[in-house]
Amino acid sequence: MELNEEQQLNEIKTNLEKVKKQIAEACIRIGREPSSVRLLPVTKTVPAERLRIAYAAGCHEMGENKIQEAREKSELLSDLNIRWAVIGHLQRNKAKYLARFANEFQALDSLKLAEELDKRLQNEGRAIDVYVQVNSSGEASKFGLAPENVRDFVMQLPSFSSLRIKGLMTLAIFSTDHDRVRACFVRMREIQTMLRQEAPDGLSFDELSMGMSGDYEIAIEEGATVVRVGQAIFGKRPLPDSHYWPGVG
Ligand SMILES: *Cc1c(COP(=O)(O)O)cnc(C)c1O
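Residues numbered from 1 in each chain as written. Predicted model: local features only at pLDDT ≥ 70, side-chain atom pairs only at ≥ 80, totals over all residues. Heavy atoms only, no water.

(A) Local environment of the environment of Ala-140. Following the sequence through the fold, Ala-140 ends up in the loop between β5 (128-133) and α6 (150-155). Each C-alpha atom, one on Ala-140 and one on Arg-237, is 23 Å from the other, the two residues being 97 residues apart in sequence. (Helix = DSSP H or I, 4+ residues; strand = E, 2+ residues; numbered from the N terminus.)

(B) Quick peek at unusual backbone geometry. The phi dihedral of Thr-45 is positive, around 70°, even though this residue is not glycine. By the secondary structure assignment, Thr-45 is in the loop between β1 (38-41) and α2 (48-56). By relative accessible area, which is 32% here, Thr-45 ends up partly exposed. (Buried < 20%, exposed > 50% of the residue type's maximum accessible area, 1.4 Å probe, protein only.)

(C) Examining the site of the ligand more closely. As a structural note, the neighbourhood of the ligand is formed by twelve residues, with Lys-44, Ser-213, Arg-228, Gln-231 and Arg-237 the closest of them. Within the backbone of Gln-231, an N or O atom sits 2.8 Å from an oxygen atom of the ligand. Measuring from an oxygen atom of the ligand, one finds a side-chain N or O atom of Arg-237 at 2.7 Å. Protein burial of the ligand: of its 390 Å² of free accessible surface, 97% is covered by the chains. (Near = heavy atom within 4 Å. Polar contact = N/O pair within 3.5 Å; in protein donor to acceptor, adjacent residues only side chain to side chain. Areas by Shrake-Rupley, 256 points an atom, 1.4 Å probe, with all protein chains shown as cover.)

(D) Looking closely at the nonpolar core. Of all hydrophobic cores here, the largest spans 72 residues; its most connected members are Phe-105, Leu-157 and Leu-168. With residues near it in sequence (within four places) discarded, Leu-157 still touches Leu-108, Leu-111, Ala-114, Val-132, Ile-165 and Leu-203. By size, the runner-up hydrophobic cluster in this structure holds seven residues, among which are Ala-85, Tyr-131, Met-169 and Val-226. (Core = buried A, V, L, I, M, F, W, Y, C linked by side-chain atoms within 4.5 Å. Contact = heavy atoms within 4.5 Å.)

In structure tokens, the structure reads:
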């Protein structure tokens, strides 16, 4: 049975509280401040009307993995003050759309894309927060730079004045084997440590965006500062993960 608006509001609020509590508990387990982790609600496949309810429940930033869907929702919800994060792969010819509305882009993985995005942002007179995506699992189905290529890539980034480089993003391996998942997050922390010493001035690598509904507690234990959580807040998506990440699941 369909829930009415008030029931949906309560459900989202309850889920948010549960996730926030688990974030806080994971932080406390390893001696981190709960406020050091930002919860980014991931809203892909959730209809715009339900996002109005989510906004009322306290979700004022939203992460989307597809530019077209993000763009449509940002237009439908333009009367709300939502901070939009695009967290999925972006084709270069779509950079112009992202430049118009997004506040953050978490999937930078090529210099050509950086160039195009920077140019389009300058046209719009805007600058956004950017995360470099790393393929920490080595799976062919995942986007992102190979860990060994991150350093050289990052050395080229200071030339893009509209990209405020904030940190790194990854998706861990989809596996029930926690050790393999954790190994991806550990690899990210090691890359972060290296970049903090070697990256050019003006770029910051303080942020580590890693952890989703199934693995955010492990990610926090290994240093995540941003967790991207969808299903634990909005319920199971109608389609399996293999639909969103071909080759998985
Ligand atoms: C969908 C998605 C998430 C969130 O996944 P959930 O299982 O819904 O928590 C996180 N990051 C990216 C890049 C995604 O596409």
